[in-house]
Amino acid sequence: MDVAVKADSKAKPEARPVPDIKQIGVIGAGQMGSGIAHVIALGKYDVLLNDVRKEAVDKALATIEKNMGRQVAKGLVEEVDMKSALSRIEFAPNLDAVAGCDMVIEAATEDEAIKRKIFQELCPKLKSSALIATNTSSLSITRLASTTDRPEHFIGMHFMNPVPLMELVELIRGIATEDEVFGVAKTFVESLGKTTAVSEDFPAFIVNRILLPMINEAVYTLYEGVGTVEGIDKAMRLGAHHPMGPLELADFIGLDTCLAVMQVLYEGLSDSKYRPCPLLVKYVEAGWLGRKTNRGFYDYRGEKPVPTR
């Protein structure tokens, strides 16, 4: 009898309830965060957009309005829906402001230390049922989830860039992610008009596991003098029918993000084929990160982009 009582006292705690998703917090108002807020608001959800700098949120709101305006002009979105969507996005001045959200999507820079710090500060403020999603493009979901008080309510939700235009979202479960949480996340993503691809929790998942080594190899091709910036991009646009050359695409993604993903692959898989090209490292060290800094493999400060090598 005593043994039975002790066994019962060690029974696992009652599972957290999974909420209906109505209000979503988005942490990070950069290129990805603003795009995620854009599609969520058009999906008729309330959005609270947070960033450490209010100017970033102001810029994001202006970008969202501009991009929705383009969708209206192309007949993809009705003007009344645009106005309704914009009214659903609010500035969240701090993490306390997202405390009542049913789900929070972290879309900060691809830096594990920064993401961990956000989760540690965020979790005590959230209601117990809230889900947490990370938009990481490469980092371990299981490892990030372990930073939180709710690994079973944590999931990877990797939107593609630019979010309003790209159809795909990768869903990645951590080792503790509950089936019901995965189902709610999948339904939510599909309600935004997106298609899901499910990846195992391996470094860089599916898309970047394939895409970033190709970009890195293009940088090696430039580094070794096999081709010029223009020659490499032209070859892949016309020879492989890619809509954008790999070096142009790297500038669009951000060379710092490209390097971060390659470092995750190299360290996580311990294979020399994922070693970041020294030229990519040099560009990042120079602060030439691509379009967001107006210089990368192309210089964007003039009327038309000009190769920097």
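Bear in mind that the values here come from a model prediction, so they are computed numbers and not experimental data. (Residues numbered from 1 in each chain as written. Predicted model: local features only at pLDDT ≥ 70, side-chain atom pairs only at ≥ 80, totals over all residues. Heavy atoms only, no water.)

**Student:** So what exactly am I meant to see when it comes to the overall build of the protein here?
**Tutor:** Counting secondary structure elements, the protein contains 12 helices and 10 strands. Expressed as lengths along the three principal axes of its C-alpha atoms, the size of the protein is roughly 75 × 50 × 30 Å. Partitioning the intrachain contacts of the protein with sequence separation of at least 6 by distance along the chain shows that 65% fall at a separation of at least 24. Split by element, the accessible area of the protein, about 15,500 Å² in all, is 54% carbon and sulfur. Of the side-chain charges in the protein, 36 are positive and 42 negative, and the distance between the mean point of each set is 3 Å. (Helix = DSSP H or I, 4+ residues; strand = E, 2+ residues; numbered from the N terminus. Contact = heavy atoms within 4.5 Å. Areas by Shrake-Rupley, 256 points an atom, 1.4 Å probe, with all protein chains shown as cover. Lys, Arg positive; Asp, Glu negative; His and termini not counted. Charge placed at Lys NZ, Arg CZ, Asp CG, Glu CD.)

**Student:** Looking at this structure, I do not really get helix 7 (residues 179-191). What am I missing?
**Tutor:** Helical geometry: 3.6 residues make up each α-helical turn, so side chains three or four residues apart lie on a common side. Along its 13 residues, helix 7 runs 18 Å from first to last C-alpha, staying within 8% of the 18 Å computed at 1.5 Å per residue. Three or more residues of helix 7 are buried, namely Val181, Phe182, Val184, Ala185, Phe188 and Val189. The buried residues of helix 7 occupy an angular sector of 165° when the element is viewed end-on, so they sit on one face. Opposite the packed face of helix 7, turned more than 90 degrees from it, sit the exposed residues Asp179 and Thr187. Phi turns positive, to about 85°, at glycine 193, one or two residues after helix 7. (Expected span 1.5 Å × (residues − 1). Buried < 20%, exposed > 50% of the residue type's maximum accessible area, 1.4 Å probe, protein only. Arc of directions from axis to C-beta.)

**Student:** Explain unusual backbone geometry to me, please; I cannot follow it from the model alone.
**Tutor:** A negative phi angle characterises most non-glycine residues, just as the trans form characterises most peptide bonds. The omega torsion across asparagine 161 and proline 162 is 0°, close enough to zero to call that bond cis. A positive phi angle, near 70°, is found at asparagine 294, a position not held by glycine. Among the structural elements, asparagine 294 can be located in the loop between helix 12 (278-285) and strand 9 (298-299). Overall, asparagine 294 belongs to the partly exposed group, its relative accessible area being 37%.

**Student:** Looking at this structure, I do not really get the pairing of strand 7 (residues 168-173). What am I missing?
**Tutor:** In summary, the side chains of a regular strand alternate between the two faces of the sheet. Relative to strand 7, strand 6 (residues 154-159) runs antiparallel, the two sharing 5 bridges. Residue pairing for strand 7: histidine 158 is matched across the bridge by glutamate 170. In the sheet, strand 7 pairs with strand 8 (residues 195-199) via 5 bridges, with the strands oriented parallel. Looking at strand 8, one finds that leucine 171 is bridged to valine 198. (Pairing = 2+ DSSP bridges.)

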